[in-house]
Amino acid sequence: MSATPAERGVVPVFRAPMRSRSASIPDDGAAVARALAIGVVGIGDRIDGADPAQRERLARRIDRFADAPDGAFVITVDARGEIYLGRLAGPYAPDTSAEAHAVDLVHVRACRWRARPLDDDELPAAVVQTLQRGGRNWQRVRDSAASDLLSAVWGADAGR
């Protein structure tokens, strides 16, 4: 029987686009900028006016987001195309502030973001591929090599 990723010490990696699904929210990078500035990571989808099926899909997305373990790596891209690395650092909580509502980043968790973007040599191939596919979903990057490289990058930063 082979060891699970957790038993091997593999830290999960997630893509966090932080882009609204709503056509009324501009995709100008404001949600990512807010998240980096205040130390959170999140997903959107305000439920105002949602039908029951939309509410059910949102509930599943929130559950996947909330279930990610503290310490998991998070990758996001800002408006300039810079890729940032963070680590989950707390439980899920709704953000009901006007600022969160304005950028549709209303489902959040605390996140410790690296101060500077990742360099090209710090980017695992699986992360690059996931980011190139695009999309608006919180998504797990299932690649132990990505976890290993990001662990090394994070550890190197701790020594600075």
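Up top you'll find the structure we're talking about.
Anyway, here's the lowdown on the structure attached to this text. Note that this is a predicted model, so its numbers are computed, not measured.

Parameters and conventions
Just so you know, the residues in each chain are numbered from 1, in the order the chain's sequence is written. This being a predicted model, a pLDDT of at least 70 is required before a residue's local features are given, and a value of 80 or more before pairs of side-chain atoms are given or counted; all residues contribute to the totals for chains, interfaces and linings. With hydrogens and water set aside, each side-chain value is computed from the structure's full complement of heavy atoms. We count a stretch as a helix when DSSP gives it H or I for four or more residues in a row; a strand needs E for two or more, and each element gets its number in order from the N terminus. Burial status follows relative accessibility: with a 1.4 Å probe on protein chains alone, a residue under 20% of its type maximum counts as buried, one over 50% as exposed, and anything between as partly exposed. The rule for a salt bridge is simple: a side-chain nitrogen of Lys or Arg has to be within 4 Å of a carboxyl oxygen of Asp or Glu. Residues enter a nonpolar core if they are buried and are Ala, Val, Leu, Ile, Met, Phe, Trp, Tyr or Cys, with the set joined through side-chain atoms within 4.5 Å. Contacts are assigned to residue pairs that have any heavy atoms within 4.5 Å of one another. Here the aromatic set is Phe, Tyr and Trp, taking the six-membered ring for Trp, and pairing holds for ring centres within 6.5 Å; pairs whose planes are under 30 degrees apart are stacked, those over 60 apart are edge-to-face, and all others are tilted. The rule for a charge over a ring is simple: NZ of Lys or CZ of Arg within 6 Å of the ring centre, and within 35 degrees of the ring normal. By definition here, a helix of n residues has an expected span of 1.5 Å times n minus one. Note: the arc covers the axis-to-C-beta directions of the helix. When DSSP locates at least two bridges between a pair of strands, those strands are taken to pair.

1. Focus: the overall build of the protein chain
Logical step 1: Secondary structure summary: the protein chain contains five helices and seven strands in total.
Logical step 2: For the protein chain, the sequential pattern of α-helices and β-strands runs β-α-β-α-β-β-β-α-β-α-β-α.
Logical step 3: On the principal axes, the C-alpha backbone points of the protein chain span a range of 45 × 40 × 30 Å.
Logical step 4: Burial status across the protein chain gives 43% buried among its 160 residues.

2. A short note on the pattern of salt bridges
Logical step 1: Applying the stated rule across the entire model yields nine salt bridges.
Logical step 2: In this structure, a network of salt bridges that share partners links the residues Arg114, Arg116, Asp119, Glu122 and Asp157.

3. So, the nonpolar core
Logical step 1: Among the nonpolar cores identified, the biggest contains 23 residues, and Met18, Val41, Val74, Leu88, Leu105, Trp113 and Trp138 are the most heavily contacted of them.
Logical step 2: Sorting the residues of this core by element identifies helix H1 (30–38), strand S2 (40–43), helix H2 (52–67), strand S4 (83–88) and strand S6 (107–113) as the ones contributing at least two each.
Logical step 3: Excluding residues within four positions of it along the chain, leucine 105 makes contact with Met18, Ala31, Ala35, Val40, Gly42, Ile43, Asp95 and Ala100.
Logical step 4: In terms of nonpolar packing, the next biggest core, distinct from the first, is built from 15 residues, Phe73, Leu123, Val127 and Val141 among them.

4. Quick notes on the packing of aromatic side chains
Logical step 1: One pass over the structure, following the stated rule, counts four aromatic pairs.
Logical step 2: Ring centres of phenylalanine 14 and tryptophan 138 lie 4.8 Å apart, and the angle between their planes is 15°; on these two criteria the pair is classed as stacked. Taken as a pair, phenylalanine 14 in strand S1 (residues 13–15) and tryptophan 138 in the loop between helix H4 (125–133) and strand S7 (139–141) lie far apart in primary sequence, 124 residues in all.
Logical step 3: Since its relative accessible area comes to 8%, phenylalanine 14 is described here as buried.
Logical step 4: Taking 6.4 Å as the distance between ring centres and 80° as the angle between the ring planes, the aromatic pair formed by phenylalanine 65 and tyrosine 92 counts as edge-to-face. Taken together, the residues span a long stretch of sequence, with phenylalanine 65 in helix H2 and tyrosine 92 in the loop between S4 and strand S5 (93–94) at a distance of 27 residues.
Logical step 5: With relative accessibility at 0%, the residue phenylalanine 65 sits in the buried group.
Logical step 6: Counting every residue linked through ring pairs, the aromatic cluster contains Phe14, Phe65, Tyr92 and Trp138.
Logical step 7: Directly above the ring of phenylalanine 73 sits arginine 87, whose terminal nitrogen or CZ lies 4.3 Å from the centroid.

5. Side note on unusual backbone geometry
Logical step 1: Despite not being glycine, methionine 18 has its phi angle at roughly 50°, a positive value.
Logical step 2: Residue position: methionine 18 is located in the loop between S1 and H1.
Logical step 3: The buried category is assigned to methionine 18, whose relative accessible area is 6%.
Logical step 4: In this structure, aspartate 104 takes a positive phi of about 55° despite not being glycine.

6. Observations concerning helix H5 (residues 144–158)
Logical step 1: If you check H5, its first and last C-alpha atoms are 21 Å apart, about what 15 residues at 1.5 Å a residue would give, namely 21 Å.
Logical step 2: Regarding H5, the residues found buried are Ala146, Ser147, Leu150, Val153 and Trp154. In an axial view of H5, the angular spread of the buried residues amounts to 130°, which keeps them on one side of the axis.
Logical step 3: Buried residues along H5 sit in contact with S1, strand S3 (73–77), S4, S6 and H4.

7. Looking at the pairing of S3
Logical step 1: With respect to burial, S3 is a largely interior element, four of its five residues being buried.
Logical step 2: Examined bridge by bridge, S3 and S4 share five bridges and lie antiparallel to one another. Pairing of phenylalanine 73 across the sheet is with arginine 87, part of S4.
Logical step 3: Between S3 and S4, which pair antiparallel in sequence order, lie five residues; one of them, glycine 81, sits at a positive phi of approximately 90°.

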